[in-house]
Amino acid sequence: MTNTSFVDPRLELIAAASHFYQQGWMVGTAGNLSCRIPDGSFWITASGRSKGELQLGDFIRMHPDGRIEREGSANNLKPSAETSIHQTIYSLFPDAIACYHVHSVEANLVSGFTNSDNLSLPPLEMLKGLGVWEENPNCEIPVFTNHLQVPQIAAEIEKRFSKTSPQIPALLIRNHGVTVWGKSTTDARNYTELVEYIFRYMVAYKK
Ligand SMILES: CSC[C@@H](O)[C@@H](O)C(=O)COP(=O)(O)O
Ligand SMILES: [Zn+2]
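All values reported here derive from a predicted model rather than from experimental measurement.

J.: How should the overall build of the protein be read in this particular structure?
T.: Of the regular secondary structure elements, the protein holds 5 helices and 9 strands. Taken from the N to the C terminus, the helices and strands of the protein come in the order α-β-β-β-β-α-β-α-β-β-α-β-β-α. A globule of 207 residues ought to have a C-alpha radius of gyration of about 17 Å, and the protein, at 17 Å, matches this closely. Its C-alpha atoms put the protein at 50 × 50 × 35 Å along the principal axes. Across the 207 residues of the protein, 50% fall into the buried class.

Right under this line is the structure:
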């Protein structure tokens, strides 16, 4: 029998946020999560919601051009302040279905390990989980400046990634946090855990 049951993707975002909150990566209102749906629009967390206790009404449905879909979206909520980054990721990577952004202590610490716009990652087995199938890989994560105006960060992401795709589906914003994307909510959740493991390793190695 075919399973035709429909799971509201917001439930997966709520579960992921709760999990990340428990890890200390989405404390208070930090971070934002989104998930693209078949008509090309995406659900994104509304701005300033407590990420450890999201509810279905804490999301906004947006079209790629920035238009808010009122049907299903709660009224009087503002979309995440970092919506322009999610829009940019969805436009650059047509396969991306989910985009997750979290703020961990380790992501901030490792972003200070280099002044360059790329951070070298150690050649850990965990990189395979992020799609890097090489022996002793020489892998880097792109690092972006944390401009006060978020659309400026988004514009720099667009500019760099239009020329060169990153080696892994992740980017770091200096002194801010990491953003990952994947072909499913499960992939995005796994990638978030994997990059955070690598950052933890890097911090522990430095001690
Ligand atoms: C703890 S404030 C963090 C915000 O400035 C921002 O970086 C963030 O990740 C959450 O913003 P939001 O507008 O709630 O999506
Ligand atoms: Zn943020």
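J.: How should the side chain of Arg10 be read in this particular structure?
T.: Among the secondary structure elements, Arg10 is positioned in helix H1 (residues 9-23). Taking relative accessible area as the criterion, Arg10 reaches 13% and is therefore assigned buried. In terms of polar contacts, Arg10 uses its side chain to reach the backbone carbonyl oxygen of Leu56, at 3.3 Å.

J.: Can you help me understand the packing of aromatic side chains in this one?
T.: We describe a pair of aromatic rings using the distance from one ring centre to the other and the angle between the two ring planes. Summed over all chains, the structure comprises 8 aromatic pairs. Arranged with centres 5.1 Å apart and planes meeting at 45°, the rings of Phe42 and Tyr90 form a pair that is tilted. Note that Phe42 is positioned in strand S2 (residues 42-45) and Tyr90 in helix H2 (residues 83-92), a separation of 48 residues in sequence. Neither residue differs from the other here; Phe42 and Tyr90 are each classed as buried.

J.: Just to check I follow, could you spell out the coordination of the zinc ion (ligand 2) for this structure?
T.: Coordination of the zinc ion (ligand 2) by the protein comes from Glu82 (OE), His101 (NE2), His103 (NE2) and His176 (NE2), over a distance range of 2.1 to 2.6 Å. Geometry at the zinc ion (ligand 2) is octahedral, judged from the 6 donor atoms that bind it and their angles of 72 to 173° at the metal.

J.: Sorry, what's going on with the pairing of S2 here?
T.: It is a general feature of regular strands that their side chains alternate between the two faces of the sheet. The side-chain alternation of S2 yields two buried faces, one formed by Phe42 and Ile44 and the other by Trp43 and Thr45. Pairing between strand S1 (residues 32-36) and S2: 3 bridges, direction antiparallel. Residue Cys35 lies in a different strand from S2, and its bridge partner there is Trp43. Hairpin connection, S1 to S2: the antiparallel pair is bridged by 5 residues, and Gly40 has positive phi, about 95°. For S2 and strand S3 (residues 59-62), the ladder comprises 4 bridges, and the chain directions are antiparallel.

J.: Please clarify how the confidence of the model for the protein should be interpreted in this entry.
T.: Low pLDDT means the predicted atomic positions in that stretch should not be read closely. For the protein, mean pLDDT is 95; residues scoring 70 or higher make up 98% of the total. Predicted complex, confidence summary: ipTM 0.98, pTM 0.96.

J.: Just to check I follow, could you spell out helix H5 (residues 185-206) for this structure?
T.: The α-helix advances 3.6 residues per turn, and as a result positions three or four apart in sequence lie on the same side. A rise of 1.5 Å per residue sets the reference length of H5, with its 22 residues, at 32 Å; its end C-alpha atoms lie 32 Å apart and thus fit the reference within 8%. Buried within H5 we find Thr185, Ala188, Tyr191, Thr192, Leu194, Val195, Glu196, Ile198, Phe199, Met202 and Val203.

J.: Looking at this structure, how should I read the nonpolar core?
T.: Here is a general trend for soluble globular proteins: nonpolar side chains tend to be buried in one another's company. One finds Tyr100, Leu121, Ile141, Ile168, Leu172 and Phe199 to be the most contacted residues of the largest nonpolar core, which totals 40 residues. Top element by residues in this core is H5. It accounts for 8 residues. Those residues in contact with Ile141 that sit more than four places away from it in its chain are Asp117, Asn118, Leu119, Leu121, Ile168, Ala170, Leu171, Leu172, Val178 and Phe199. With 22 residues, the next largest nonpolar core counts Tyr90, Phe144, Val150 and Trp181 among its residues.

Calculation rules
Residues numbered from 1 in each chain as written. Chains lettered and ligands numbered in written order. Predicted model: local features only at pLDDT ≥ 70, side-chain atom pairs only at ≥ 80, totals over all residues. Heavy atoms only, no water. Helix = DSSP H or I, 4+ residues; strand = E, 2+ residues; numbered from the N terminus. Rg over C-alpha atoms; globule rule 2.2 N^0.38 Å. Buried < 20%, exposed > 50% of the residue type's maximum accessible area, 1.4 Å probe, protein only. Polar contact = N/O pair within 3.5 Å; in protein donor to acceptor, adjacent residues only side chain to side chain. Phe/Tyr/Trp six-rings, centres within 6.5 Å; stacked < 30°, edge-to-face > 60°. Donors = N, O, S within 2.8 Å, 3.2 Å for Na, K, Ca; no water. Tetrahedral: all angles 85-135°; square planar, octahedral: opposite > 155°, others 65-115°. Pairing = 2+ DSSP bridges. pLDDT = per-residue confidence, 0-100. Expected span 1.5 Å × (residues − 1). Core = buried A, V, L, I, M, F, W, Y, C linked by side-chain atoms within 4.5 Å. Contact = heavy atoms within 4.5 Å.

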